[in-house]
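Structural description and commentary
Residue-level listing of the chains:
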Amino acid sequence: MIDDDTEKTIPVTVTFLEMSAPPASYPPLPYNRQVALLRTRDIPLHFYRYLMDRVGRKWHWVNALRLDDEELAAGLHREDRDVRVLYLDGAPAGFFDIKPRLPQEAELAYFGMMDHAIGQGLGRWFLGAAIEAAWSHEPRRVSVQTCTMDHPAALPLYQKFGFSPVGQKQEVVRTMAFAERAASVMRP
């Protein structure tokens, strides 16, 4: 259980991965599921922060939550930014965020699902959809990074899809105390 009452620093190993060609095929959408994947256009900052908090809280995704409105909007509302939201049974269930750096690279900057969607048989299809979306920007390579705080299945799943590790580095993550998180997510 994560103690959200105090800020901490956690050492992590970040692994950088790349893919230089699209996969030969993508997993099919699971049967008998009410699923939608919608690309956003000018996503409201409060909704992006909500997604970032609900998907990334246990993994300590805090960088975007620490940005002020102007900083977040400057990156998020670029014409080439590709944010897609996963809905399961009509409710938000996850998202991915692609930062194209055309023509060289498309970075899968964020990818994840909310707790209620994990274990529902959607993960492989959802990652395939994210990778397919990244390749739709016609880069020379697609990149992603994961760290030792992410879900234990993240690194092996990326590798099963064809990503190869290209580097690692040590970093320190400064977690968010509950009050700082609440101030970010619940700002006016």
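Everything below is about the structure shown above.
Scoring rules and cut-offs
Residues numbered from 1 in each chain as written. Predicted model: local features only at pLDDT ≥ 70, side-chain atom pairs only at ≥ 80, totals over all residues. Heavy atoms only, no water. Helix = DSSP H or I, 4+ residues; strand = E, 2+ residues; numbered from the N terminus. Buried < 20%, exposed > 50% of the residue type's maximum accessible area, 1.4 Å probe, protein only. 1 Å grid on protein atoms, 1.4 Å probe; cavity = no way out; pocket = protein on both sides within 12 Å on 5 of 7 lines; lining within 4 Å. Points joined across faces, edges and corners; volume = space filled by probe spheres on them. Nonpolar A, V, L, I, M, F, W, Y, C, P; charged D, E, K, R; others polar. Pairing = 2+ DSSP bridges. Axes fitted to C-alpha atoms, helices over the stretch in contact; angles between N-to-C directions. Contact = heavy atoms within 4.5 Å.

As for unusual backbone geometry
Its identity as a non-glycine residue notwithstanding, N32 has a phi of 55°, on the positive side. Positionally, N32 belongs in the loop between β1 (9-19) and β2 (35-39). By relative accessible area, N32 is classed as exposed at 80%. Of note, the phi angle at E138 is positive, near 60°, even though the residue is not glycine. Summarising the element assignment, E138 is placed in the loop between α3 (123-135) and β6 (141-147).

Notes on the layout of surface pockets
Within this model, the largest pocket holds a volume of roughly 1100 Å³. Surrounding the largest pocket, 42 residues form its lining, W61, F111, T146, D150 and Y158 being those nearest its centre. Mapped onto the lining of the largest pocket, the elements with two or more residues apiece are β1, β5 (105-113), α3, β6, α4 (154-160) and β7 (164-174). Per element, the largest residue contribution to the lining of the largest pocket is seven residues, and it comes from β5. Here the residues of the lining of the largest pocket sort into 25 nonpolar, ten polar and seven charged.

What about the pairing of strand β3 (residues 82-88)?
Along β3, seven of the seven residues are buried, which leaves the element largely enclosed by surrounding structure. Counting the residues that bridge the hairpin from β3 to strand β4 (residues 91-101) gives two residues, and of these D89 lies at a positive phi of roughly 55°.

Quick word on the sheet that holds β1
Across a sheet, paired strands are connected by hydrogen bonds in the backbone, their directions being either parallel or antiparallel. Pairing is mixed in the open sheet, where seven strands are placed in the order β2-β3-β4-β5-β6-β1-β7. Only two strands of the sheet have a single neighbouring strand rather than two, namely β2 and β7. In this sheet, neighbouring strand axes are inclined to one another by 25° on average, regardless of whether the strands run parallel or antiparallel. Across eight bridges, β4 lies against β5 in antiparallel orientation. Bridge pairing links F96 to F111 in β5. Packing against the sheet, helix α1 (residues 45-56) makes contact with β3, β4 and β5, and its axis sits at approximately 105° to β4.

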